[in-house]
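# Results of the structural survey
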Amino acid sequence: MNKKLATVFGLLIGIYLDILTSKQVGISAIVFAFMGYICGFLDKSFSKESKLTIILMVVGSTFAYEVIVYIYSSISNNVPLDVLGFIKILFIELLFNGLLTIILYPIIRNLGDLVERIFKTNRANSSYILNN
């Protein structure tokens, strides 16, 4: 996806996640939008064919999301940071998400290809209509 589309997807998914899991709507939306922008920016730099690349992107984005949300939650709720406890939970989440990505890779890849085809087709159709 391009940067704009990835940012919008991240924002929408973040809002949805915030509504489902949080008392405050906003932090996941902001973090997901930022990660969507970064992933859209890096889209051309990485091969989507490589499982390792996808796994590293999932693990990296999980790490970034969890660290940002943990620090934000600790500051906003005036709770002291428990770094050791957080690292244990983070390690489990990274391992779980990495393994889940390996298992679900074919579905993730097909879904990504479908979204890409839909938006490339829509962009081609709209540019055809605008030029005629």
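A brief structural summary. (Residues numbered from 1 in each chain as written. Predicted model: local features only at pLDDT ≥ 70, side-chain atom pairs only at ≥ 80, totals over all residues. Heavy atoms only, no water.)

## Here we look at the packing of helix α1 (residues 3-21) against helix α2 (residues 27-42)
Just so we agree on the cut-off: Where helices are involved, their axes are fitted lines through C-alpha atoms of the stretch in contact, as for all axes, and angles between N-to-C directions lie from 0 to 180°. The numbering of helices and of strands both runs from the N terminus, where a helix is a DSSP run of H or I of at least 4 residues and a strand a run of E of at least 2. For this classification, under 35 degrees means roughly parallel, over 145 means roughly antiparallel, 65 to 115 means roughly perpendicular, and everything else is oblique. Each crossing is labelled by how the near helix is turned from the far one, with a counterclockwise turn of less than a right angle marking it left-handed and a clockwise turn marking it right-handed. The contact criterion used is simple: two residues touch if any of their non-hydrogen atoms lie within 4.5 Å. Charged means Asp, Glu, Lys or Arg here, nonpolar means Ala, Val, Leu, Ile, Met, Phe, Trp, Tyr, Cys or Pro, and polar covers whatever is left, Gly included.
It is at 7 Å that the axes of α1 and α2 come closest, and there the two elements cross at 155°. On the basis of their axis angle, the class for α1 and α2 is roughly antiparallel. As for the relative orientation of α1 and α2, their crossing is right-handed in sense. Residues Lys3, Ala6, Thr7, Gly10, Leu11, Ile13, Gly14, Ile15, Leu17 and Asp18 of α1 lie in contact with α2, whose contacting residues are Ile27, Ser28, Ala29, Phe32, Ala33, Gly36, Tyr37, Gly40 and Phe41. Each residue belonging to the contact of α1 with α2 can be placed in one class, and the counts come to eleven nonpolar, six polar and two charged.

## Some details on the layout of surface pockets
Defined as follows: Each cavity reported here is a set of points on a 1 Å grid over the protein atoms alone in which a 1.4 Å probe fits but cannot get out, each pocket an open set with protein on both sides within 12 Å along at least five of seven lines, and each lining residue one with an atom within 4 Å of a point. Grid points are joined across faces, edges and corners, and a volume is the space filled by probe spheres set on the points.
Of the pockets and cavities examined, the second largest pocket occupies roughly 210 Å³. Residue assignment for the lining of the second largest pocket shows that the elements contributing at least two residues are α1, α2 and α3 (51-76). Per element, the largest residue contribution to the lining of the second largest pocket is five residues, and it comes from α3. The residue makeup of the lining of the second largest pocket, split by class, is five nonpolar, seven polar and two charged.

## Some details on a nonpolar patch on the surface
Definition in use: Only residues whose relative accessible area exceeds 30% and that take part in no salt bridge are eligible for patches, with like-charged residues grouped when within 9 Å of each other and nonpolar side chains (Val, Leu, Ile, Met, Phe, Trp, Tyr) grouped when within 5 Å. To measure how exposed things are, a 1.4 Å probe is used in the Shrake-Rupley method; for residues, cover is taken only from the protein chains shown. Whenever Lys or Arg places a side-chain nitrogen within 4 Å of a carboxyl oxygen from Asp or Glu, that contact is recorded as a salt bridge. For each residue, the accessible area found with a 1.4 Å probe, counting protein chains only, is set against the maximum for its type, and the residue is called buried under 20%, exposed over 50%, and partly exposed in between.
The grouping of Phe91, Ile92, Leu95, Phe96, Leu99, Leu100, Ile102, Ile103, Leu104, Ile107 and Ile108 at the surface amounts to a nonpolar patch, some 1,100 Å² of accessible area in total. Among the structural elements, leucine 104 can be located in helix α4 (residues 83-131). Using a relative accessible area of 34% as the deciding quantity, one classes leucine 104 as partly exposed.

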